[in-house]
Protein chains: 2
Amino acid sequence: MQKAQEYVRRIQSNKHMSRFFSKKYKNLVPYTPGEQPAEKKYIKLNTNESPFPPSNKAVEFACRSAYELQLYPDPECRKLTDKLSGILGVSRDEILVTNGSDEILNFAFMAFCDKNHPAAFADITYGFYKVFAEINNIPYFEIPLNEEFKLTFNDYCGINKNIFIANPNAPTGLMISKDEIEKIIKSNPDNIVVVDEAYVDFGAESCIPLIHKYDNLLVTQTFSKSRSMAGARLGFGVGCKEIIKDLNTIKYSTNPYNINRMTMAAGIGALEDEEYTRGNCAEIIKNRIYTENKLKEIGFFTLDSSTNFIFAKHPKISGEHIYIKLKEKGILVRHFEQRRIREYNRITIGTSEQMKSLISALKEILEEV
Amino acid sequence: MQKAQEYVRRIQSNKHMSRFFSKKYKNLVPYTPGEQPAEKKYIKLNTNESPFPPSNKAVEFACRSAYELQLYPDPECRKLTDKLSGILGVSRDEILVTNGSDEILNFAFMAFCDKNHPAAFADITYGFYKVFAEINNIPYFEIPLNEEFKLTFNDYCGINKNIFIANPNAPTGLMISKDEIEKIIKSNPDNIVVVDEAYVDFGAESCIPLIHKYDNLLVTQTFSKSRSMAGARLGFGVGCKEIIKDLNTIKYSTNPYNINRMTMAAGIGALEDEEYTRGNCAEIIKNRIYTENKLKEIGFFTLDSSTNFIFAKHPKISGEHIYIKLKEKGILVRHFEQRRIREYNRITIGTSEQMKSLISALKEILEEV
């Protein structure tokens, strides 16, 4: 049970630390990643991975690079960054690639937040923001989403805090418009606004063009979702040169060779195959619409997803029960214990076949009640 | 010029930060990695890479894993950790694998050091220790090596600080015995002793067996040198369960998926081919002895290396001049600006052919004087 897991982790993190562990972490509760079962018996709809394999070019380039593993990777990631800059329409020194987007997010907390520069983010959002704040000893404010789980942009205007917004948001799947985000950026000119666009390719508008207008904006993205590269660990941040320079200072003070050769090569391969990525995104969106409709037909309430997952609850069965029963039937989804969302499950969009299996399993569960 | 590079980096790191960069980093000077030229025109003897390609098994396993990049890697790295535990003779929960050994070293600074628990290390050692201390706001003490660049173990006994020792040391190449390290560990029972064994496979005795005797020991190693995997980014730490648990808390609070699938697979492949690693180490040691002898023949003074590099100076030519002239002749070595060692260069041991080219080039340089 995930509940039990979470409990165990909390206990562990507090009780079994060594006598040497710094007291500054006394309140730290590490992030709990979604289950990654060693066996392959599950239909995995719990960690928002792509159901499609990586681009052939990504695989080909990665393999070729493996023959030169004896040499350090380029710490500046020049080839990959150049390729990315062409696609994004920004210059090389406005990008920093990292070991997943978790790394660039942590760098942002490290670089721009401190006791005098607290962080602010939604109460229901990517659970890691809180952990990044905790581990870096940064005070933080959780701003409640409204009753419909929507982010009210006005709550973020002129608040004089560094702001972290996932757009589209997770685990809700809801997005806000670029115009609204621009108002937030504009009204907090002395603070950094980080827009975490991990899921942007499935339906929201990117804020990257705004980096040339505002020096307080950092946009982060990842190759994990739309580019089928969760296993390669590749993310990046886009912002004005000065911000990227600061983040590079953090990188060169923690892990200059943060991206290995194979991931770098796979990233270049994926970027040479943007058509494949676009095709996969279109397929995911099609399957999402199918799944939303089917879920509604059998009584589920779903939030309006702009992502590769759906956040859904049923009026008659608890979120935890659905999670457990689906797991028994070989389907993993993600359930969270947080009070406001514990009736929901976050369901990753897979292939149309996987989605049909999901709907069948849910029908059976409903019949059993 | 490396001198110029260093200068530029210092200026950059202090002057061109954004107005948002936290003031807590005002003294931070990032680490300067060795040059990684984009073109392949150099004989690269500057970053202690292996001159031999990775094991075929490492390449084969990495390639195979690239087809599944759409899935997150196992955050617990179970297969790799199990394999490693068998080879090292420790249990799974006494190991943590990381994104290069830089990551585990940074984790150790984060986990065990703070304002009340300062760090101590040699004045001449891996330059990153100081940076890790700076970025984590940890007070640190640099303990001078003696005039022969030897570490006097007595200087570290009962000092009540967390101790970081590279054994063998870099860039000197000198090692101290396991017995001496044990005395240091024993005499600082309330502090962590980190033994950084990046170069241990080229001639020193590992302290790993001591982890079952002392709860305050962390040993770190890397796949970068003896296993020809600098480009894959794979390191690990070995210590008692409680220490590893603390380091896991840091990992799960910064980047739970720190090791990508391909690196994990390559690591497993390399461990299945230990004979290849041992053969390469023997070859490096043979080439080192050859090079030491040849260097002495042409008037160089060298320290007694237990690593895959030689630290050498010449009574008639400055270290910087040798560095510059070798670079002009297409050979990169590493020169440091630090006062005590600026007459030296650190020369990585390559193939016997590369070492012959090095000696020829040095002879020419000497004739030109």
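Structure shown above.
Residues numbered from 1 in each chain as written. Chains lettered and ligands numbered in written order. Predicted model: local features only at pLDDT ≥ 70, side-chain atom pairs only at ≥ 80, totals over all residues. Heavy atoms only, no water.

With that out of the way, let us pick up the overall build of chain A. For chain A, the helix and strand inventory stands at 11 helices and 12 strands. The C-alpha atoms of chain A give 21 Å as radius of gyration, which agrees with the globular expectation for 369 residues (21 Å, within 12%). With respect to the three principal axes, the spread of C-alpha positions in chain A is 60 × 50 × 45 Å. Restricting the contact set of chain A to residue pairs at least 6 apart, pairs at least 24 apart contribute 72%. Roughly 14,000 Å² of accessible area belongs to chain A as shown, and the carbon and sulfur atoms make up 49% of that amount. Side chains of chain A carry 49 positive and 47 negative charges; the gap between the two charge centres is 4 Å. (Helix = DSSP H or I, 4+ residues; strand = E, 2+ residues; numbered from the N terminus. Rg over C-alpha atoms; globule rule 2.2 N^0.38 Å. Contact = heavy atoms within 4.5 Å. Areas by Shrake-Rupley, 256 points an atom, 1.4 Å probe, with all protein chains shown as cover. Lys, Arg positive; Asp, Glu negative; His and termini not counted. Charge placed at Lys NZ, Arg CZ, Asp CG, Glu CD.)

So, about the environment of Phe-112 of chain A. Structurally, the position occupied by Phe-112 of chain A is in helix H4 (residues 101-112). Take Phe-112 of chain A: its relative accessible area is 2%, and that puts it in the buried class. On a C-alpha basis, the gap between Phe-112 of chain A and Ser-85 of chain A in space is 24 Å, while along the polypeptide they are 27 residues apart. Setting aside its immediate chain neighbours within four residues, Phe-112 of chain A contacts His-117, Asn-162, Ile-192, Ile-243, Asp-246 and Leu-247 of chain A together with Ser-18, Phe-20 and Phe-21 of chain B. (Buried < 20%, exposed > 50% of the residue type's maximum accessible area, 1.4 Å probe, protein only.)

Turning next to the interface of chain A and chain B. Counting from both sides, the interface comprises 88 residues of chain A and, opposite them, 87 residues of chain B. Run the count over chain A and chain B and you get four salt bridges. Residue Arg-19 of chain A is joined to Asp-215 of chain B by a salt bridge in which the shortest nitrogen-to-oxygen separation is 3.1 Å. Viewed at the interface, chain B and chain A are joined by 38 residue pairs in polar contact (both at pLDDT 80 or more). Elements that contribute at least two residues to the side of chain A that touches chain B include exactly helix H1 (2-15), helix H2 (56-66), H4, helix H5 (128-135), helix H7 (241-251) and helix H8 (261-271) of chain A. Looking at the side of chain A that touches chain B residue by residue, the class counts come to 44 nonpolar, 25 polar and 19 charged. (Salt bridge = Lys/Arg side-chain N within 4 Å of Asp/Glu carboxyl O. Polar contact = N/O pair within 3.5 Å; in protein donor to acceptor, adjacent residues only side chain to side chain. Nonpolar A, V, L, I, M, F, W, Y, C, P; charged D, E, K, R; others polar.)

Before going further, it helps to spend a moment on the sheet that holds strand S4 (residues 140-143) of chain B. Residue and element names in this part refer to chain B. The seven strands are arranged S2-S8-S7-S6-S5-S3-S4 in an open sheet whose pairing can be described as mixed. At either margin of the open sheet sits one strand with a lone partner, and together these are strand S2 (95-98) and S4. Adjacent strand axes in the sheet meet at a mean angle of 20° when their direction is disregarded. Examined bridge by bridge, S2 and strand S8 (residues 235-239) share four bridges and lie antiparallel to one another. Its bridge partner being in S8, Leu-96 is matched across the sheet by Gly-237. (Pairing = 2+ DSSP bridges. Axes fitted to C-alpha atoms, helices over the stretch in contact; angles between N-to-C directions.)

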